[in-house]
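# Remarks on the overall topology
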Amino acid sequence: MAYQPPKQVILLPQTQQLKACTTIIRDKNTQRADFIFYSDRIIRILVEEGLNHLPVVEKTVVTPTGREFQGIDFQGRICGVSIMRAGESMEQGLREVCRSVRIGKILIQRDEETALPKLYYAKFPPDIASRYCLLLDPMLATGGSAIKAIETLLDYGVAEERILFLNLISCPEGIAAVVAKFPLMKIVTAEIDAGLDEKLYINPGLGDFGCRYFGTDK
Amino acid sequence: MKDNKLANHVIAAEGRLPWYRSDGQNCDCYIVGIAGGSASGKTSVAQRIIKNLNVPWVVLLSMDSFYKDLTPEEVEIAHRNDWDFDSPNSYDYDLLLETITKLKQGRTVDVPIYDFETHKRVPNKHNTVYGANVIIFEGIFGLYDKKVLEMMDLKVFVDTDTDICLARRIKRDVAERGFDVAGVLKLYQRFVKPSYDNYVYPTKRNADVVIPRGLENLVAIDLLTKHIQRQLQERKMQSRWDMARMSAPEELPSNVIVLEKTKQLMGMHTIIRDINTSRHDFIFYADRLATLVIERALDELPYEARTVQTPTSQTVHGLGQKVNVGGVSILRAGGTMEIGLRRVIRDAVIGKILIQTDPSNGEPQLHYCKLPPSLREDNTYIFLMDAVIGTGAAGLMAIRVLLDHDVPEDRIIFLSFLAGPHGLHTIARAFPRVKIVTSYIDSVLNAHTLFLEPGLGNFGDRYFGTENE
């Protein structure tokens, strides 16, 4: 692959079974039940990988055999932030890994007059400024709404280096746009596609993720 | 031909001790063949031997199951009572030999069910017989076929006076089959007696032991039983304790895959190992960890290129899983991985093998196994699941069970949360083509408790909440 993502990007190990999962969710003939199931599987791996980038401290525990185990403990608290609507599809996967995690929501829509992303709604845990944020949006295309969402988080006092942006499919254009603006945050992605087409859809992509997940496509 | 509810089912009153050597290879099981005339008391003698032996995992195999299918014309003759069921040609010796050969090797077999109404094998039905340490095979031609004879460890001929046999036969056929005495005698004169004189009685010379007077001869049966017991005693083996005492190299076998020590993995291990972790948390993190182990194991399967169209009509050259995956959990603790398995393979077929350790000697015992037939299919890989591989004794037994059920060794992937070098080497030595995926290695195996250290205690107890407070 000629494309080398910038160092802020954490690409999941491109294993065969991950490729098999993305093949299923890209296939237009995949039924919704399968789409949801295999998306959730990828999301769980994304979250598992994202959490690996949080700080830890050493911790020693005693096991039932009476011996010590040299382990670790996580430092700092986390919260999820989903960019509505598609980002909410990732909450299930997040909860399977982080049981009772707090989840904030952001609604961003394209402003009809300016054609720019506009923030319509944001609701976060009150102490979000002290937390690590897992920002959830399944597709990173132009990066427009992601940038708006990150700006919002920064407005609420979240430190840029404490943001992990999780997505299933990204592209070089979106990565470049986000990284240029926020070089301290990290992007965790399952696959990087070739680029954007003339309609600014990810190519080859998988269509509208939210519609396929929530069943609102025709 | 008689109803015999005991026939063709393994009688298992208690767990089955290892029936294989520490290199994983099966020891031949012990086969006793019993022949004798019709109504001579073969089955009764066989049952008495089983009762006297008092060992579990014995199967009584009846030669009646191996009658040949009759053609429609032959069935008509049979219904007129003109068919000679007492001819040595009435049996399917090829199938019989195949069945006994597989049983002797310790493999699972499907014994046909013969329907005496239609004189055909019941289609698509059979008795699956697995796990016998001793096979007692009985039939009037039990000592007839040369190749079948070669399979036997002990050959017995029940030599009951023909008058007594006839009297029993009349009594039985009149009472149980609704025959009249004349009908019984007709068959006896035409078929039973000539066949006995010409074919059955001469097989007496193939016998190692002849029991005169059948079941009445308690002394002879007692001697036989003692002989069999002595033979079985010689074959007995001790495996688990020896395994713990054997030294294992630090370096892991090449077929072992250990998950990468990421922060998350270390964090989860810290939680499940901590003696103070609540069961609530233990279960949550065990399930999460299981999911990662399963995901890792999936990467060991074969994949093939698959091209699909996206909803935006783009072509994607992706991959597709080439094979199916079935799970087999080693109960009790291996069952804890099933949640992880279902998170990744929603509708995975799951077989179960219950293996418990005898606390008095550390030996594994097989108590139960239920494996779906689809596990044997060509395109199916088996994820064999256990929580901890300590000595490797339970894993070795479980893999042996799968092989006995015709699952090829290279299609087994053995998964665990935790493993130690002892167990891994034990399994790898015996079954080098089985891949092992585990999330962590603890290198100390306590030879007294057989727990890994630092370990995590008894995984099943902690997960299911059955530990002593």
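Residues numbered from 1 in each chain as written. Chains lettered and ligands numbered in written order. Predicted model: local features only at pLDDT ≥ 70, side-chain atom pairs only at ≥ 80, totals over all residues. Heavy atoms only, no water.

### Brief notes about the overall build of chain B
Regarding its fold elements, chain B presents 14 helices and 21 strands. Considering only C-alpha atoms, chain B reaches an extent of 85 × 65 × 35 Å along its principal axes. A total of 469 residues make up chain B; the buried ones form 56% of that total. The long-range fraction of contacts in chain B, counting pairs at least 24 apart against all pairs at least 6 apart in sequence, stands at 73%. Surface accessibility of chain B: about 20,400 Å² in total, with carbon and sulfur atoms responsible for 49%. The centroid of the 56 positive side-chain charges in chain B is displaced by 1 Å from the centroid of its 60 negative side-chain charges. (Helix = DSSP H or I, 4+ residues; strand = E, 2+ residues; numbered from the N terminus. Buried < 20%, exposed > 50% of the residue type's maximum accessible area, 1.4 Å probe, protein only. Contact = heavy atoms within 4.5 Å. Areas by Shrake-Rupley, 256 points an atom, 1.4 Å probe, with all protein chains shown as cover. Lys, Arg positive; Asp, Glu negative; His and termini not counted. Charge placed at Lys NZ, Arg CZ, Asp CG, Glu CD.)

### Re the overall build of chain A
Counting secondary structure elements, chain A contains six helices and twelve strands. Since a compact globule built from 218 residues should have a radius of gyration of about 17 Å, the 18 Å found for chain A is in line with a globular shape. Scored against the burial criterion, the 218 residues of chain A give a buried share of 53%. Of the accessible surface of chain A, which amounts to about 9,900 Å², a share of 50% is contributed by carbon and sulfur atoms. (Rg over C-alpha atoms; globule rule 2.2 N^0.38 Å.)

### Some points on the domain arrangement of chain B
All names here are of chain B. Taken domain by domain, chain B holds domain 1 (10–235) and domain 2 (240–464). Once you take the C-alpha centre of each, domain 1 and domain 2 turn out to be 41 Å apart. The partner domain 2 presents 17 residues to the 18 residues of domain 1 that form the contact. Approximately 1,500 Å² of surface area, both sides summed, lies buried where domain 1 meets domain 2, with 57% of it carried by carbon and sulfur atoms. Summed over the three residues of domain 1 that lose the most area to domain 2, namely Tyr20, Thr108 and Tyr130, the buried surface amounts to 29% of that side. Counting across the interface, domain 1 meets domain 2 through two salt bridges. (Domains from an automatic or database assignment. Buried area = accessible area lost by both parts, 1.4 Å probe. Salt bridge = Lys/Arg side-chain N within 4 Å of Asp/Glu carboxyl O.)

### Digging into the environment of Gln31(A)
Residues and elements named next belong to chain A. Checked against the element boundaries, Gln31 lands in the loop between α1 (16–26) and α2 (32–51). On the basis of relative accessibility, which here comes to 57%, the residue Gln31 falls in the exposed class. When the C-alpha positions of Gln31 and Arg212 are compared, they lie 9.1 Å apart, and in sequence the two are 181 residues distant.

### What to know about the interface of chain B and chain A
Contact with chain B, which involves 52 residues of that partner, is made by 46 residues of chain A. Buried area between chain B and chain A, summed over both chains or domains, comes out near 4,100 Å², and the portion from carbon and sulfur atoms is 58%. On inspection of chain B and its partner chain A, the count reaches five salt bridges. For Glu453(B), the salt bridge goes to Arg67(A), with nearest N and O atoms at 3.1 Å. The tally of links from chain B across to chain A stands at 23 residue pairs in polar contact (both at pLDDT 80 or more). If you tally residues by element for the side of chain B that touches chain A, the top one is helix α10 (residues 279–298) of chain B, at ten residues. (Polar contact = N/O pair within 3.5 Å; in protein donor to acceptor, adjacent residues only side chain to side chain.)

### Brief notes about the sheet that holds strand β17 (residues 412–416) of chain B
Within a beta sheet, neighbouring strands are joined by backbone hydrogen bonds and run either parallel or antiparallel to one another. Residues and elements named next belong to chain B. Strand order in this open sheet of seven strands is β9-β19-β17-β15-β12-β13-β14, and the pairing throughout is mixed. With partners counted over all chains shown, the strands left at the sheet margins are β9 (256–258) and β14 (364–370), one partner each. Neighbouring strand axes in the sheet, compared pairwise and without regard to direction, differ in orientation by 20° on average. Examined bridge by bridge, β9 and strand β19 (residues 435–438) share three bridges and lie parallel to one another. The residue bridging Val256 from the neighbouring strand is Ile436, located in β19. (Pairing = 2+ DSSP bridges. Axes fitted to C-alpha atoms, helices over the stretch in contact; angles between N-to-C directions.)

### Quick look at the nonpolar core
Nonpolar side chains tend to gather and get buried jointly when the protein is soluble and globular. Of all hydrophobic cores here, the largest spans 46 residues; its most connected members are Leu301(B), Phe383(B), Leu415(B) and Phe417(B). Of all elements in the fold, only β3 (68–74) of chain A together with α9 (263–273), α10, α11 (338–344), β15 (380–385), β17 and α14 (459–464) of chain B reach the threshold of two or more residues within this core. With ten residues, α10(B) is the single largest residue contributor to this core. Residues contacting Phe383(B), with those up to four places away along its chain left out, are Ile294(B), Ala297(B), Leu298(B), Leu301(B), Val325(B), Gly326(B), Gly327(B), Val328(B), Leu341(B), Ile345(B), Ile413(B) and Leu415(B). Counting 37 residues, the second-largest nonpolar core is a separate cluster that includes Leu12(A), Ile25(A), Ile42(A) and Ala141(A). (Core = buried A, V, L, I, M, F, W, Y, C linked by side-chain atoms within 4.5 Å.)

### Quick word on the UniProt feature "domain: Phosphoribosyltransferase" (unreviewed entry) in chain A
Here the UniProt feature "domain: Phosphoribosyltransferase" (unreviewed entry) sits at residues 13–216 of chain A. In the segment residues 13–216 of chain A, helix accounts for 32% and strand for 31%; the C-alpha atoms at its two ends are 32 Å apart. (UniProt positions renumbered as here; feature names shortened; annotations may be inferred.)

### Regarding the pattern of salt bridges
Side-chain pairing between opposite charges can occur once the charged atoms of the two side chains come close. Residue and element names in this part refer to chain A. Tallying each qualifying case throughout the model produces 34 salt bridges over all chains. With its nearest N and O atoms 3.2 Å apart, the salt bridge here joins Arg77 to Asp127. Taken as a pair, Arg77 in the loop between β3 and β4 (78–84) and Asp127 in the loop between β6 (117–123) and β7 (132–136) lie far apart in primary sequence, 50 residues in all. Overall, the relative accessible area of 43% leaves Arg77 in the partly exposed class.

### Quick word on α2(A)
With 20 residues, α2(A) should reach 28 Å at 1.5 Å per residue; the first-to-last C-alpha distance of 28 Å fits that figure. Burial analysis of α2(A) places 15 of its 20 residues in the buried class, which makes it a mostly covered element. (Expected span 1.5 Å × (residues − 1).)

### Description of the packing of α9(B) against α10(B)
Helices that pack against each other are described as a pair by the angle of their axes relative to one another and the distance between those axes. Residue and element names in this part refer to chain B. Here α9 crosses α10 at 145°, and the two axes come no closer than 9 Å. Read as a crossing pair, α9 and α10 show a hand that is left-handed. Seen from α9, the contacting residues are Gln264, Leu265, Met268, His269, Ile271 and Ile272; seen from α10, they are Asp281, Phe282, Tyr285, Ala286, Arg288, Leu289 and Leu292. (Left-handed = near helix turned anticlockwise from the far one by under 90°.)

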